[in-house]
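Descriptive analysis of the structure
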Amino acid sequence: MDVLQLQRKLREHQAAMIREGFLDDQFSQLQKLQDESSPDFVIEVVKMFFDDSENLLNNMTRALGQVPVDFKQVDAHVHQYKGSSASVGAARVKNVCATFRNFCEAQNLEGCVRCLQQLQHEYSLLKNNLQYLFRLQEEIQAAGGSIPTIE
């Protein structure tokens, strides 16, 4: 595949991620911070988000498995994850966190467990989509092209 096709594919994939609500404008803002002095800025930030996500999801799972459940502790993890997801523009993850926090406040275990499952699902979809986006960027750069800016 030539550079122009890869660039088109990259633009289309990112536009679809925004259209489908995976990403919001915050992700575009992150991209604007990337330049020649920090060419891997977005990938590095998102990899930190991936690491954080895995830890927080594991912490939520453990906390919801305790008897009795400490809903304040669960909510603290969810609150942290909501902030983390908002900072990278992970809109659908952030929105599930908002609902999850409501269930924590109501001390609704069933609702919390459903939200955790939904969070795990949304995170998995987001991670797969972002990894594909980054692979396209790597292919473009390997072929000597530049990463197109997406508005």
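Residues numbered from 1 in each chain as written. Predicted model: local features only at pLDDT ≥ 70, side-chain atom pairs only at ≥ 80, totals over all residues. Heavy atoms only, no water.

1. Describing the packing of aromatic side chains
How we decide: Planes of paired rings set the category: under 30 degrees apart is stacked, over 60 is edge-to-face and the rest tilted, where pairs are Phe, Tyr or Trp rings (Trp by its six-membered ring) whose centres lie within 6.5 Å. Here a helix means four or more residues in a row that DSSP labels H or I, a strand means two or more in a row labelled E, and each is numbered from the N terminus. Each residue is placed in one exposure class: buried if its accessible area under a 1.4 Å probe, protein chains only, is under 20% of its type's maximum, exposed if it is over 50%, and partly exposed if it falls in between. Counting as a charge over the ring demands two things of the Lys NZ or Arg CZ atom: a distance within 6 Å of the ring centre and an angle within 35 degrees of the ring normal.
One pass over the structure, following the stated rule, counts four aromatic pairs. Seen from their ring centres, Phe50 and Tyr123 are 6.1 Å apart, and the 75° between their planes marks the pair as edge-to-face. One end of the pair, Phe50, is in helix 3 (residues 41-65); the other, Tyr123, is in helix 6 (residues 109-142), and 73 residues separate them in sequence. The exposure class assigned to Phe50 is buried, which follows from its relative accessible area of 6%. Relative accessible area serves as the criterion here: at 5%, Tyr123 is assigned to the buried category. Connected via pairs of aromatic rings, a cluster forms that spans Phe49, Phe50, Tyr81 and Tyr123. Cation over ring: Arg92 sits above Phe22, and NZ or CZ is 3.8 Å from the ring centre. Over the face of the ring belonging to Phe50 we find Lys127, whose NZ or CZ atom lies 5.3 Å from the ring centre.

2. Points about helix 2 (residues 25-32)
Stated formally: For this quantity, the arc is that covered by the directions from the helix axis to the C-beta atoms. Any pair of residues with heavy atoms lying within 4.5 Å of one another is described as a contacting pair. Nitrogen and oxygen atoms within 3.5 Å of one another constitute a polar contact, given that in protein one can donate a hydrogen and the other can accept it, and given that sequence-neighbouring residues count only through two side-chain atoms.
Phe27, Ser28, Leu30 and Gln31 are the residues of helix 2 that are buried. Buried residues along helix 2 cover an arc of 155° about the axis, so they all sit on one side. Elements that come into contact with the buried residues of helix 2 comprise helix 1 (3-19), helix 3, helix 4 (71-88) and helix 6. A side-chain oxygen of the first residue of helix 2 lies 3.0 Å from the backbone nitrogen of Gln26; this N-cap is Asp24.

3. Description of the environment of Glu138
With respect to the secondary-structure elements, Glu138 resides in helix 6. Sequence-wise, Glu138 and Gly65 are 73 residues apart; in three dimensions their C-alpha atoms are separated by 40 Å.

4. Considerations on the side chain of Gln14
Looking at where Gln14 falls in the secondary structure, it is placed in helix 1. With a relative accessible area of 0%, Gln14 lands in the buried category. Looking at Gln14, its side chain comes within polar contact range of the side chain of Gln31, at 2.8 Å.

5. Examining the UniProt feature "domain: HPt" (unreviewed entry) in the protein
For the record, the criterion: UniProt positions are given in the numbering used here, feature names are shortened, and annotations may be inferred rather than shown by experiment.
In the UniProt entry, the feature "domain: HPt" (unreviewed entry) is given for residues 38-143. End C-alpha atoms of residues 38-143 are separated by 20 Å, and the span's content is 87% helix alongside 0% strand.

6. Some details on the packing of helix 2 against helix 4
Describing two packed helices takes the angle between their axes plus the distance from one axis to the other. Our working rule: Note on geometry: axes are C-alpha line fits, over the in-contact stretch for helices, and angles between N-to-C directions span 0 to 180 degrees. An angle below 35 degrees is treated as roughly parallel, one above 145 as roughly antiparallel, one from 65 to 115 as roughly perpendicular, and anything else as oblique. Note that Gly is not counted as nonpolar here; it falls among the polar residues with everything else outside the nonpolar set of Ala, Val, Leu, Ile, Met, Phe, Trp, Tyr, Cys and Pro and the charged set of Asp, Glu, Lys and Arg.
Following both chains from N to C, one finds helix 2 and helix 4 inclined at 60°, their axes separated by 6 Å at the closest point. Taken together, the axes of helix 2 and helix 4 lie oblique to each other. Across the interface between the two elements, Gln26, Phe27 and Leu30 from helix 2 touch Ala86, Ser87 and Val88 from helix 4. In the contact of helix 2 with helix 4, the residues fall into four nonpolar, two polar and no charged.

7. Details of a negative patch on the surface
Quick reminder of the rule: Any residue with relative accessible area above 30% and no salt bridge may belong to a patch, with like charges joined within 9 Å and the nonpolar Val, Leu, Ile, Met, Phe, Trp and Tyr side chains within 5 Å. For the accessible areas, the method is Shrake-Rupley and the probe is 1.4 Å, while residue cover comes only from the protein chains on display. The rule for a salt bridge is simple: a side-chain nitrogen of Lys or Arg has to be within 4 Å of a carboxyl oxygen of Asp or Glu. Counting rule applied: Lys, Arg positive; Asp, Glu negative; His and chain ends not counted. Every charge is mapped onto a representative atom, which is NZ of Lys, CZ of Arg, CG of Asp or CD of Glu.
A surface patch of like charges, here negative, comprises Asp40, Glu44, Glu138 and Glu139. Its relative accessible area of 48% is what places Glu138 among the partly exposed residues.

8. As for the packing of helix 3 against helix 4
Under the convention used in this document: Definitions for this section: a left-handed crossing has its near helix turned counterclockwise from the far helix by less than a right angle. A right-handed crossing has that turn clockwise.
Where helix 3 meets helix 4, the axes come as close as 10 Å, and the angle between the chain directions of the two elements is 160°. Looking at the two axes, helix 3 sits roughly antiparallel to helix 4. Here helix 3 runs over helix 4; the crossing is left-handed. Counted together, Val45, Phe49, Asp52, Ser53, Leu56, Leu57, Asn59, Met60, Ala63 and Leu64 of helix 3 and Gln73, Val74, His77, Val78, Gln80, Tyr81, Ser84, Ser85 and Val88 of helix 4 form the full contact between these two elements.

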